[in-house]
Amino acid sequence: MEELKNIAPNLSKMKKENPFGTPKHYFDDFSARMQMQIEAEKHVANNKEFKIINLLKPALGLAASFAIIFMLVYIPIKTFIPEDQVIETTASTNFSDRQMHSILEELDETSFFALLENDDNDETFSDDDLLAYVSSNFNAYEIFEYTEE
C-alpha cells in the first residue's frame with residue numbers, strides 16, 4: 001500500500017466503494033413495469049394487420065430495378081444507333097429470305113426429280129442431300145403418302 005501512495009497519491013486517497021448502483025426503490029415496482037411493457041408489445045403484435053402491400057414490396061422493388069436497368073441500356077442504344085440503319089439491315093436480310101422461300105414454294109416434286117435426272121449439272125446429289133431436302137420441304141404425312149403409291 002505504501003508503494004501505491006508513492007506512485008499515485010491521488011489514487012490511493014480514493015474510496016474503495018463500488019461506484020455503480022441502482023437508483024433507490026428501483027426494484028419496488030419493477031415487476032409491474034415489466035408486465036406493462038410485455039402487454040404493450042403483445043397489443044402491438046395483435047394489432048399488426050396483414051397487408052397486401054407488405055407482400056408486394058419485394059416484387060415492386062424488383063420490377064422497378066429491372067425497369068431502371070432497361071432504361072439505362074435502352075436509351076443510350078436508341079440514341080447512338082440510328083433507327084434507319086436497323087431498318088435497312090433487317091429489310092435486306094428479309095428480302096433475300098423471302099425470295100428464297102418463294103423459289104422453294106414453286107418447286108414441285110416432278111421438277112425436283114427432273115433436276116435430279118438432268119445430267120447437265122456436274123453436281124451429284126448424295127442420299128444425304130436428298131434426305132435433307134425431302135425432310136426440310138415435306139412433312140411426315142406427305143412423305144408417307146408418296147411412298148404408299
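Residues numbered from 1 in each chain as written. Predicted model: local features only at pLDDT ≥ 70, side-chain atom pairs only at ≥ 80, totals over all residues. Heavy atoms only, no water.

A few words on the overall build of the protein chain. Tallying secondary structure elements over the protein chain gives eight helices and zero strands in all. Taken from N to C terminus, the helices and strands of the protein chain fall in the order α-α-α-α-α-α-α-α. (Helix = DSSP H or I, 4+ residues; strand = E, 2+ residues; numbered from the N terminus.)

Another aspect to go through is the pattern of salt bridges. Counting across every chain of the model gives one salt bridge. A salt bridge links arginine 33 to aspartate 29, with the shortest nitrogen-to-oxygen separation between them at 3.5 Å. What makes aspartate 29 partly exposed here is its relative accessible area of 39%. (Salt bridge = Lys/Arg side-chain N within 4 Å of Asp/Glu carboxyl O. Buried < 20%, exposed > 50% of the residue type's maximum accessible area, 1.4 Å probe, protein only.)

A grouping of Leu62, Phe66, Ile68, Ile69, Leu72, Val73, Ile77, Phe80 and Ile81 is seen on the molecular surface, where their side chains present a nonpolar patch of about 980 Å² in accessible area. Here leucine 62 is to be found in helix α4 (residues 52–80). (Patch = residues over 30% accessible without salt bridge, like charges linked within 9 Å, V, L, I, M, F, W, Y side chains within 5 Å. Areas by Shrake-Rupley, 256 points an atom, 1.4 Å probe, with all protein chains shown as cover.)

To continue, consider α4. The α-helix advances 3.6 residues per turn, and as a result positions three or four apart in sequence lie on the same side. Here α4 contains 29 residues, and its C-alpha end-to-end distance of 42 Å stays within 8% of the 42 Å for a straight helix at 1.5 Å per residue. The largest bend along α4 measures about 30 degrees and falls at proline 58. (Expected span 1.5 Å × (residues − 1). Bend = angle between axes of the 7 residues up to and from the residue.)

Let us look at the packing of aromatic side chains. Following the criterion strictly, the structure yields four aromatic pairs and no others. Ring centres 5.0 Å apart and planes at 85 degrees place the aromatic pair tyrosine 26 and phenylalanine 27 in the edge-to-face group. For the pair tyrosine 26 and phenylalanine 30, a centre-to-centre distance of 6.0 Å together with 40 degrees between the ring planes defines the contact as tilted. Classification of phenylalanine 30 as partly exposed rests on a relative accessible area of 30%. Among the aromatic residues, ring-to-ring pairing joins Tyr26, Phe27 and Phe30 into one connected group. Above the ring of tyrosine 26, the side-chain terminus of arginine 33 is found at 4.8 Å from the ring centroid. (Phe/Tyr/Trp six-rings, centres within 6.5 Å; stacked < 30°, edge-to-face > 60°. Lys NZ or Arg CZ within 6 Å of the ring centre and 35° of its normal.)

Relative to the elements of secondary structure, valine 134 occurs in helix α7 (residues 127–137). Measuring from C-alpha to C-alpha, the distance between valine 134 and glutamate 109 comes to 9.7 Å, with 25 residues separating the pair along the chain.

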